Amino acid sequence: MSQHHLINYIEIPVKNMERSKDFFAQAFGWSFVDYGPDYAAISDAGIDAGLFVSDKTVSTETGSPLIVMFSKDLEASEKLIVSCGGSIVKEIFTFPGGRRFHFSDLNGNEYAVWSDT
């Protein structure tokens, strides 16, 4: 399959690199490859991505794209994210095809987690 015009990489702004890497490692099992103090590539996330140091945040309120992860157990994922320091910004709700919730990471960036059950 050609890579031409396919989404190839996502970059996520973070305010604190080390805290952000710890959060995503604990909440989702991601690992990282550091490229200096201001950039880390994400491994094991399902798509190539990276974290970069910035004072900006992303949310659906500002019209930013929403990064959505899948979970086999939505309630367990929600509890894990909160225990790692994340905040729930939209409680679990149903939509055609499943259920999901939205959360913010330690930087205030918004994400969603969904399940088909």
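Structure's up top.
Keep in mind the model is a prediction, meaning the values are calculated, not measured.

**A look at the overall build of the chain**
Scanning the chain for helices and strands turns up 2 helices and 8 strands. When its helices and strands are written in sequence order, the chain yields β-α-β-β-β-β-α-β-β-β. For the chain, whose C-alpha radius of gyration is 14 Å, the value lies close to the compact-globule estimate of 13 Å for 117 residues. Considered along the principal axes of its C-alpha atoms, the chain spans approximately 40 × 40 × 30 Å. In the chain, which comprises 117 residues, the share counted as buried stands at 34%. Across the chain, every contact between residues at least 6 apart in sequence was considered, and the portion connecting residues at least 24 apart equals 50%. Separation between the mean location of the 9 positive side-chain charges and that of the 16 negative ones in the chain comes to 5 Å.

**Comments concerning the packing of aromatic side chains**
Within the structure shown, the criterion is met by 11 aromatic pairs. Ring geometry for F103 against Y111: centres 5.2 Å apart, planes inclined by 20°, an arrangement best described as stacked. Here F103 falls in the buried class, since its relative accessible area comes to 0%. Assessed through its relative accessible area of 1%, Y111 is described here as buried. Taken together, F23, F24, F28, W30, F101, F103 and Y111 form an aromatic cluster joined through their ring pairs. The lysine or arginine in question, R100, covers the ring of F95, its NZ or CZ lying 5.6 Å from the ring centre.

**Some remarks on the sheet that holds strand 2 (residues 31–34)**
Within the open sheet, the 4 strands sit side by side as 1-4-3-2. Their pairing is mixed. Of all strands in the sheet, those with a lone pairing partner are strand 1 (10–14) and strand 2, marking the two edges. Across the sheet, the mean angle separating the axes of adjacent strands is 30° when strand polarity is ignored. Summarising the sheet, strand 3 (residues 39–43) and strand 4 (residues 49–53) pair through 4 bridges and their orientation is antiparallel.

**Some words on the pattern of salt bridges**
Within the structure shown, the criterion is met by 3 salt bridges. Note that E18 is salt-bridged to K21, the shortest N-O span being 3.2 Å. Of the two residues, E18 and K21 both sit in helix 1 (residues 17–28), 3 residues apart, roughly one turn of that helix. The closest approach of N and O atoms between D34 and K21, which form a salt bridge, is 2.7 Å. Of the two residues, D34 is situated in strand 2 and K21 in helix 1; the sequence distance between them amounts to 13 residues.

**A word on the pairing of strand 8 (residues 110–115)**
Within strand 8, 5 of the 6 residues are buried, which leaves the element mostly enclosed by the surrounding structure. As judged from the 4 bridges shared by strand 5 (residues 67–70) and strand 8, these two strands associate in the parallel manner. Pairing of I67 across the sheet is with Y111, part of strand 8. Where strand 7 (residues 98–104) meets strand 8, 6 bridges bridge the pair, whose relative direction is antiparallel. Looking at strand 8, one finds that F103 is bridged to Y111. Hairpin connection between strand 7 and strand 8: a loop of 5 residues separates the two successive antiparallel strands, and G108 in this loop has a positive phi of roughly 95°.

Parameters at a glance
- Residues numbered from 1 in each chain as written.
- Predicted model: local features only at pLDDT ≥ 70, side-chain atom pairs only at ≥ 80, totals over all residues.
- Heavy atoms only, no water.
- Helix = DSSP H or I, 4+ residues; strand = E, 2+ residues; numbered from the N terminus.
- Rg over C-alpha atoms; globule rule 2.2 N^0.38 Å.
- Buried < 20%, exposed > 50% of the residue type's maximum accessible area, 1.4 Å probe, protein only.
- Contact = heavy atoms within 4.5 Å.
- Lys, Arg positive; Asp, Glu negative; His and termini not counted.
- Charge placed at Lys NZ, Arg CZ, Asp CG, Glu CD.
- Phe/Tyr/Trp six-rings, centres within 6.5 Å; stacked < 30°, edge-to-face > 60°.
- Lys NZ or Arg CZ within 6 Å of the ring centre and 35° of its normal.
- Pairing = 2+ DSSP bridges.
- Axes fitted to C-alpha atoms, helices over the stretch in contact; angles between N-to-C directions.
- Salt bridge = Lys/Arg side-chain N within 4 Å of Asp/Glu carboxyl O.

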